[in-house]
Amino acid sequence: MTETRDALAATRLERLRGGLKRRYAREMRFRMYGILAIAVAVAFLALLLGRIVEQGHTAFYAHEVSVPVYLDPAKIDPSYPQGTNFEQMVAEQQLATQGLSGDAAGPMAAEMRGLFSSELKFQVAEKVAADPSLIGRTVTFDVPVSDDADLFFKGKISRDTPSEQRRLTDRQIGWLDQMDEAGRVRSHFNARLFTSGDSTEAELAGVLGAVVGSALMLMVTALLAIPVGVAAAVYLEEFAPRNRLSALIEVNINNLAAVPSIVYGLLGLALFINWMHLPRSSPLVGGLVLALMALPTIIIATRSSLKAVPPSIREAALAMGASRTQTVFQHVLPLALPGVMTGAIISLAHALGETAPLLLIGMVSFIPGVASSITEPSGALPSLIYIWENASERAFHERTAAAIMVLLAFMIVMNAAAILLRRHFERRW
């Protein structure tokens with residue numbers, strides 16, 4: 001009997017050890033699957049960010065060329081210098097330095113003009129208007145090169161590509177080489193990208209108008225969505241009776257948080273533009289639409305923060321004689337404020353990246369200026385990215401990636417602010 005019991009005990013022990021070994025193996029596989037999933041996600045994220053940075057980092061620097069211009073008195077009207085064709089004048093003078101003039105230079109002038117940005121004529125005209133005494137003298141101007149010439153200096157247009165497959169001719173590439181060898185070409189930080197609005201010419205286009213438009217929209221969104229969302233959440237969580245109506249409202253708020261953004265765009269188009277006749281493409285309409293989108297998220301986040309406050313806080317305040325309103329606004333809401341701020345900032349960051357509703361309310365239009373009020377037509381970073389990516393000029397594609405980097409920087413800053421605020425004000429219960 002003793003031997004039989006020992007054998008049974010040994011068999012059970014062996015089974016237990018085998019089961020324990022299999023359980024440890026399953027746990028190890030589960031950990032490996034989790035690590036693998038994280039590694040795959042990080043790899044895809046790194047690939048995405050790496051591709052964006054690779055394509056867009058060149059937009060943060062640009063090239064300009066020093067051009068000596070003889071301000072010919074026979075061609076410039078001192079009372080109206082803006083009427084002078086400075087581009088043609090510069091092209092003819094550049095060709096003359098190579099021994100080409102008159103009829104021989106005629107067919108080549110257009111090619112030479114294509115190497116300089118249209119900013120050249122504005123720079124020269126402004127200089128002459130400010131100081132007419134320059135007429136008759138030779139003045140050197142540092143002007144941006146055209147978008148194709150800029151791509152050539154950045155190595156994105158190769159001389160080895162067949163001429164019929166590139167926008168620069170062999171003659172233009174030869175002229176650019178001569179300018180570079182003469183030391184007239186230099187690269188510099190592209191401040192224009194951050195100080196200019198949109199433009200039909202890629203070398204002159206910037207994100208300032210879109211950044212200002214997005215900031216104005218977020219201001220409208222925050223001023224509307226945060227107070228209304230927090231007030232609605234406080235009422236539903238602390239004061240509303242528990243009945244079928246409040247349950248129906250709660251279900252619909254949760255459903256609204258999952259509604260596609262394009263539906264809000266259709267609502268904004270029908271309500272704010274077609275019915276209320278608010279200005280199209282304005283930050284006001286964009287902010288109203290984004291406020292409708294952000295409201296469910298803010299309400300849900302605020303209610304979750306209020307629920308996280310221990311009931312003992314409410315009970316202690318009521319026991320000390322505070323009214324229900326005093327308890328909520330002087331004790332519960334201040335303690336829930338970190339979560340409320342976090343939810344509000346994250347909802348605004350999410351609204352900042354929305355594109356579909358902005359396209360439906362007209363923010364896909366070309367708007368070169370910078371808005372100074374919420375009722376003026378304006379662009380936004382997501383819609384600007386959409387416009388630039390669909391542009392035919394290749395130089396706009398690198399600026400698309402640069403605009404994405406700017407948008408990501410805004411979103412990272414907003415999410416980091418939410419995390420820091422939560423950690424700073426968070427209470428441990």
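Conventions used here
- Residues numbered from 1 in each chain as written.
- Predicted model: local features only at pLDDT ≥ 70, side-chain atom pairs only at ≥ 80, totals over all residues.
- Heavy atoms only, no water.
- Helix = DSSP H or I, 4+ residues; strand = E, 2+ residues; numbered from the N terminus.
- Rg over C-alpha atoms; globule rule 2.2 N^0.38 Å.
- Contact = heavy atoms within 4.5 Å.
- Areas by Shrake-Rupley, 256 points an atom, 1.4 Å probe, with all protein chains shown as cover.
- Lys, Arg positive; Asp, Glu negative; His and termini not counted.
- Charge placed at Lys NZ, Arg CZ, Asp CG, Glu CD.
- Phe/Tyr/Trp six-rings, centres within 6.5 Å; stacked < 30°, edge-to-face > 60°.
- Buried < 20%, exposed > 50% of the residue type's maximum accessible area, 1.4 Å probe, protein only.
- Lys NZ or Arg CZ within 6 Å of the ring centre and 35° of its normal.
- Core = buried A, V, L, I, M, F, W, Y, C linked by side-chain atoms within 4.5 Å.
- Axes fitted to C-alpha atoms, helices over the stretch in contact; angles between N-to-C directions.
- Nonpolar A, V, L, I, M, F, W, Y, C, P; charged D, E, K, R; others polar.
- Salt bridge = Lys/Arg side-chain N within 4 Å of Asp/Glu carboxyl O.
- Patch = residues over 30% accessible without salt bridge, like charges linked within 9 Å, V, L, I, M, F, W, Y side chains within 5 Å.
- Pairing = 2+ DSSP bridges.
- Expected span 1.5 Å × (residues − 1).
- Bend = angle between axes of the 7 residues up to and from the residue.

## Some remarks on the overall build of the protein chain
- Secondary structure assignment for the protein chain yields 16 helices and 3 strands.
- The C-alpha atoms of the protein chain give a radius of gyration of 32 Å, which is well past the 22 Å a tight globule of 429 residues would have.
- Each of the three principal axes of the protein chain carries a C-alpha extent, and together these read 115 × 70 × 35 Å.
- In the protein chain, once contacts between residues fewer than 6 apart in sequence are set aside, the share between residues at least 24 apart is 75%.
- Of the accessible surface of the protein chain, which amounts to about 23,400 Å², a share of 62% is contributed by carbon and sulfur atoms.
- Mean positive and mean negative side-chain charge positions of the protein chain (38 and 38 charges, respectively) differ by 18 Å.

## Describing the packing of aromatic side chains
- Per the stated rule, a full pass over the model turns up 4 aromatic pairs.
- With a centroid separation of 6.1 Å and an interplanar angle of 10°, the aromatic rings of F189 and F194 are classed as stacked.
- F189 gets classed as exposed once you look at its relative accessible area, which sits at 52%.
- A connected cluster of aromatic rings, assembled from ring pairs, spans F60, F189 and F194.
- Above the ring of Y61, the side-chain terminus of K154 is found at 5.1 Å from the ring centroid.

## Some remarks on the nonpolar core
- Core analysis: the biggest nonpolar cluster contains 63 residues, and V65, L71, M112, F116, L176, M179 and V207 have the highest contact counts within it.
- The greatest single-element share of this core, amounting to 8 residues, is contributed by helix α16 (residues 395-425).
- Aside from chain neighbours lying at most four places away, what touches F116 is V65, V67, V90, Q94, V143, P144, V145, S146 and M179.
- Formed by 17 residues, the second largest nonpolar core is a distinct cluster that contains V220, Y264, L278 and M363.

## Examining the side chain of T342
- Residue position: T342 is located in helix α13 (residues 324-352).
- On the basis of relative accessibility, which here comes to 11%, the residue T342 falls in the buried class.
- Beyond its immediate stretch of four places on either side in the chain, T342 contacts A418 and R422.

## Considering the packing of helix α8 (residues 208-239) against helix α15 (residues 381-389)
- One can describe the packing of α8 onto α15 by two numbers: an axis separation of 8 Å at closest approach and a directional angle of 145°. Of α15, the residues touching α8 (which contributes A210, V211 and S214) are L381, P382 and L384.
- Broken down by class, the residue content of the contact of α8 with α15 amounts to 5 nonpolar, 1 polar and no charged.

## Structural notes on the pattern of salt bridges
- With the rule as written, the count across this model stands at 14 salt bridges.
- Linking E111 and R171 is a salt bridge whose minimum nitrogen-to-oxygen distance equals 2.7 Å. Placement of the pair is E111 in helix α3 (residues 106-113) and R171 in helix α6 (residues 170-181), with a sequence separation of 60 residues.
- Here E250 and R303 are joined by a salt bridge, their closest N and O atoms 3.6 Å apart.

## Comments concerning a positive patch on the surface
- Where like charges cluster on the molecular surface, the positive patch consists of R22, R23, R26 and R29.
- Looking at the element boundaries, R26 is found in helix α1 (residues 2-56).

## With respect to the pairing of strand β1 (residues 61-70)
- With 5 bridges joining them, β1 and strand β3 (residues 185-189) adopt antiparallel strand pairing. Paired with E64 across the two strands is R186, which belongs to β3.
- Pairing of β1 with strand β2 (residues 138-144) involves 7 bridges; the strand directions are antiparallel. Its bridge partner being in β2, E64 is matched across the sheet by P144.

## Here's the deal with a nonpolar patch on the surface
- On the surface, L36, V40, F44 and L47 cluster together into a nonpolar patch covering about 420 Å² of accessible area.
- With respect to the helices, strands and loops of the structure, L36 is situated in helix α1.

## With respect to the sheet that holds β2
- Pairing is antiparallel in the open sheet, where 3 strands are placed in the order β2-β1-β3. Two strands bound the open sheet, and with one partner strand each, they are β2 and β3. Going across the sheet, the axis of each strand differs from the next one's by a mean of 35°, ignoring polarity.

## Here we look at α13
- For α13, with 29 residues, the first-to-last C-alpha span of 37 Å runs short of the 42 Å given by 1.5 Å per residue.
- Of all the bends in α13, the greatest, near 50°, is centred on L337, and the proline P338 appears no more than four residues after it.

## Comments concerning unusual backbone geometry
- Even without a glycine there, the phi angle at H277 is positive, about 55°.
- Position of H277 among the secondary structure elements: in the loop between α10 (261-275) and α11 (283-308).

## Some words on the environment of G34
- You can see G34 is positioned in helix α1.
- Owing to a relative accessible area of 31%, G34 belongs among the partly exposed residues under this scheme.
- Along the sequence, G34 and F60 sit 26 residues apart, while their C-alpha atoms lie 38 Å from each other.

## So, the environment of H424
- Topologically, H424 is positioned in helix α16.
- Take H424: its relative accessible area is 62%, and that puts it in the exposed class.
- Between the C-alpha atom of H424 and that of P338, which follows or precedes it by 86 residues, the distance is 8.2 Å.

## Describing the environment of V42
- Note that V42 resides in helix α1.
- Sequence spacing of V42 and G213 is 171 residues, and the spatial spacing of their C-alpha atoms is 32 Å.

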